[in-house]
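Here's the letter readout for the chains.
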Amino acid sequence: MPSAILAAALAPFGGEALGLWGITLGLGAILDVATHVVDLPHSIRYIKASPPRALGILATSVLFGILWRGRMRILAVIPAFAALVLWNNFPQPDVLISGDGRLIGVMVRARGFSMSRKARGLWRAVGFKMTDAPSLSGRRMGICRLG
């Protein structure tokens, strides 16, 4: 932030480059920390998509809990808990289609989760399987890195 203020203050005089240089140093440091954290083991965890109703209930109850004054705000915990239970118990669909339509996954009881294309080297396919396709035992699939 100080570098942005410096860049804005020096801009009328043509010296904004100094402030922008400071901004690039700060952003580079943030990206270095993010890259380090992503490379740690078990740093990525996927969750299944929520039903729209549960997300709306959760957002409304959290806003109620934040904005309301007094002891009534504790009542926001009840619908938030109900939304989390609804989110957790919401069944996943048997057919999943990627956003661009190139990848289709179908839950087949005998073989588990079947993909329309080979998943070798496709991070999208692995993320697709991990986030939306439960294993046959009901547990989530493990996270793996391709490479």
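Residues numbered from 1 in each chain as written. Predicted model: local features only at pLDDT ≥ 70, side-chain atom pairs only at ≥ 80, totals over all residues. Heavy atoms only, no water.

Side note on the overall build of the protein chain
The number of helices and strands found in the protein chain is 5 helices and 3 strands. Moving toward the C terminus, one meets the helices and strands of the protein chain in the order α-α-α-α-β-β-β-α. When burial is assessed residue by residue, the protein chain has 22% of its 147 residues classed as buried. Restricting the contact set of the protein chain to residue pairs at least 6 apart, pairs at least 24 apart contribute 41%. Surface accessibility of the protein chain: about 11100 Å² in total, with carbon and sulfur atoms responsible for 68%. (Helix = DSSP H or I, 4+ residues; strand = E, 2+ residues; numbered from the N terminus. Buried < 20%, exposed > 50% of the residue type's maximum accessible area, 1.4 Å probe, protein only. Contact = heavy atoms within 4.5 Å. Areas by Shrake-Rupley, 256 points an atom, 1.4 Å probe, with all protein chains shown as cover.)

Details of the packing of helix α3 (residues 52–67) against helix α4 (residues 77–89)
Following both chains from N to C, one finds α3 and α4 inclined at 160°, their axes separated by 8 Å at the closest point. With respect to each other, α3 and α4 are oriented roughly antiparallel. In this structure, α3 crosses over α4, and the sense of that crossing is left-handed. Here Ala54, Leu55, Ile57, Leu58 and Ser61 of α3 lie close against α4, whose contacting residues are Pro79, Ala80, Ala83, Leu84, Leu86 and Trp87. Along the lines of polarity and charge, the residues of the contact of α3 with α4 split into 10 nonpolar, 1 polar and no charged. (Axes fitted to C-alpha atoms, helices over the stretch in contact; angles between N-to-C directions. Parallel < 35°, antiparallel > 145°, perpendicular 65-115°, else oblique. Left-handed = near helix turned anticlockwise from the far one by under 90°. Nonpolar A, V, L, I, M, F, W, Y, C, P; charged D, E, K, R; others polar.)

Re the packing of helix α1 (residues 2–10) against helix α2 (residues 16–39)
The interhelical angle for the contact between α1 and α2, taken along N-to-C directions, is 165°, at an axis separation of 7 Å. In terms of orientation, α1 lies roughly antiparallel with respect to α2. α2 is crossed by α1, and the crossing has left-handed handedness. Seen from α1, the contacting residues are Ser3, Ala4, Leu6, Ala7 and Leu10; seen from α2, they are Glu16, Leu18, Gly19, Leu20, Gly22 and Ile23. The residue makeup of the contact of α1 with α2, split by class, is 7 nonpolar, 3 polar and 1 charged.

Side note on the side chain of Ser61
Along the chain, Ser61 falls in helix α3. Not counting chain neighbours up to four residues away, the residues in contact with Ser61 comprise Ala76, Pro79 and Ala80.

Structural notes on the nonpolar core
One finds Ala54, Leu58, Ala80, Ala83 and Trp87 forming the largest nonpolar core, which totals 5 residues. Sorting elements by how many residues they give to this core places α4 first, with 3 residues. Excluding anything up to four places from it in sequence, Trp87 contacts Ile47, Lys48, Ala49, Ser50, Pro51, Ala54, Leu55 and Leu58. (Core = buried A, V, L, I, M, F, W, Y, C linked by side-chain atoms within 4.5 Å.)

A closer look at unusual backbone geometry
Even without being glycine, His42 reaches a positive phi, approximately 60°. Within the fold, His42 resides in the loop between α2 and α3. On the accessibility criterion, His42 (82% relative accessible area) is exposed.

Considering the environment of Ser61
Residue Ser61 is classed as buried on the basis of its relative accessible area, which comes to 4%. Considered as a pair, Ser61 and Ile74 are 13 residues apart in the sequence and their alpha carbons are 10.0 Å apart. Polar side-chain contacts of Ser61 include one of 3.0 Å to the backbone oxygen of Leu58. (Polar contact = N/O pair within 3.5 Å; in protein donor to acceptor, adjacent residues only side chain to side chain.)

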